[in-house]
Amino acid sequence: MSAAPLDPLVIRSLEFLGPMATAHGWRPTHTFPEIAFAGRSNVGKSSLLNALVRRKAFARVSRTPGRTREINFFAVNSAFVFVDLPGYGYARISKTRQAEWRPLIEGFLRGSAQLKGIVQLLDVRHDPTDDDRQMLDLLADIGLPTVVAATKIDKISRSQVETRLKQIARDLALDDEQLIPFSAVTGAGRDDLAKAVVSLLAESAADDPADDTADGTAPDSPLVGV
Ligand code: GDP
């Protein structure tokens, strides 16, 4: 008898901490490491997050009127925080409104000392849009560890998925382990994504000089006192 594979990310608790609505606006204060999720509207971000935590929490929050343009924070297992960034590039809104995502998302990404990594979503069927490229350039500029989830793989054949993954990896110069094929419909890729998130959190714990100090602050860090 073979044992069931272990779930790399068992969710024991999930708590909505609240929204951040403007670049310098309110955001929850906490001491946990953060992992943020980014992608254009309709890429499948709420579905991916729901599959990852095996709850409907993200769909519920993101359908609340007004919430779609805010950054939403969720504490997981009282150990780390998932940050749901607003979907950008919605085709049916004006260019000006489309550009509004940038100050809020950039302000958060640059100003968040606890942010340890990003899951960037791309629809496996489409080439990255200009907005996607802006987002990826921003992540590279900030130097945040990034994994890319290629969503909706159930919508094309297995061989088409293989071809598209190669194209995306080449186009964006990604390593194999940085690109995770995913489907919220079949559940494919859920455990690989969970593993990738766990490694982003583990890398951050290994690198974090704050862990070595009694009061939890790094003595030489430029962020002390900010
Ligand atoms: P968001 O705007 O990025 O949060 O996207 P949603 O999660 O709301 O998904 C947008 C649409 O794509 C919805 O109609 C979903 O049912 C659909 N969708 C999301 N993920 C998948 C997937 O993996 N496979 C398929 N076939 N449809 C998906």
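Residues numbered from 1 in each chain as written. Predicted model: local features only at pLDDT ≥ 70, side-chain atom pairs only at ≥ 80, totals over all residues. Heavy atoms only, no water.

A few words on the overall build of the protein chain. Within the protein chain, the secondary structure is distributed over 7 helices and 7 strands. Written out in order from the N terminus, the α and β elements of the protein chain read β-β-α-α-β-β-α-α-β-α-β-α-β-α. When burial is assessed residue by residue, the protein chain has 43% of its 226 residues classed as buried. Carbon and sulfur atoms provide 52% of the accessible area of the protein chain, an area that totals close to 12300 Å². (Helix = DSSP H or I, 4+ residues; strand = E, 2+ residues; numbered from the N terminus. Buried < 20%, exposed > 50% of the residue type's maximum accessible area, 1.4 Å probe, protein only. Areas by Shrake-Rupley, 256 points an atom, 1.4 Å probe, with all protein chains shown as cover.)

Of note in the backbone geometry, Arg-54 takes a positive phi value of approximately 55° without being a glycine. Positionally, Arg-54 belongs in the loop between helix 1 (45–53) and helix 2 (57–62). For Arg-54, a relative accessible area of 52% translates into the label exposed. One non-glycine residue, Lys-152, adopts positive backbone phi at about 65°. Here Lys-152 lies in the loop between strand 6 (146–151) and helix 6 (158–172).

Time to look at the nonpolar core. Core analysis: the biggest nonpolar cluster contains 28 residues, and Ile-35, Phe-37, Leu-48, Leu-52, Phe-82, Val-119 and Val-197 have the highest contact counts within it. Of all the secondary-structure elements, those providing two or more residues to this core are strand 2 (34–38), helix 1, helix 2, strand 3 (71–76), strand 4 (80–84), strand 5 (115–123), strand 6 and helix 7 (190–207). If one sorts the elements of this core by residue count, helix 7 sits on top with 6 residues. Non-local contacts of Val-197, meaning those with residues more than four positions away in its chain, are made with Ile-35, Phe-37, Leu-52, Phe-82 and Val-119. (Core = buried A, V, L, I, M, F, W, Y, C linked by side-chain atoms within 4.5 Å. Contact = heavy atoms within 4.5 Å.)

In low-pLDDT regions, the fine details of the predicted coordinates are not to be read closely. Model confidence for the protein chain is summarised by a mean pLDDT of 86, while 85% of its residues fall at 70 or above. Overall, residues 212–226 carries pLDDT values under 50, and its contacts beyond four positions in sequence, including any with other chains, amount to 9 contacts. (pLDDT = per-residue confidence, 0-100.)

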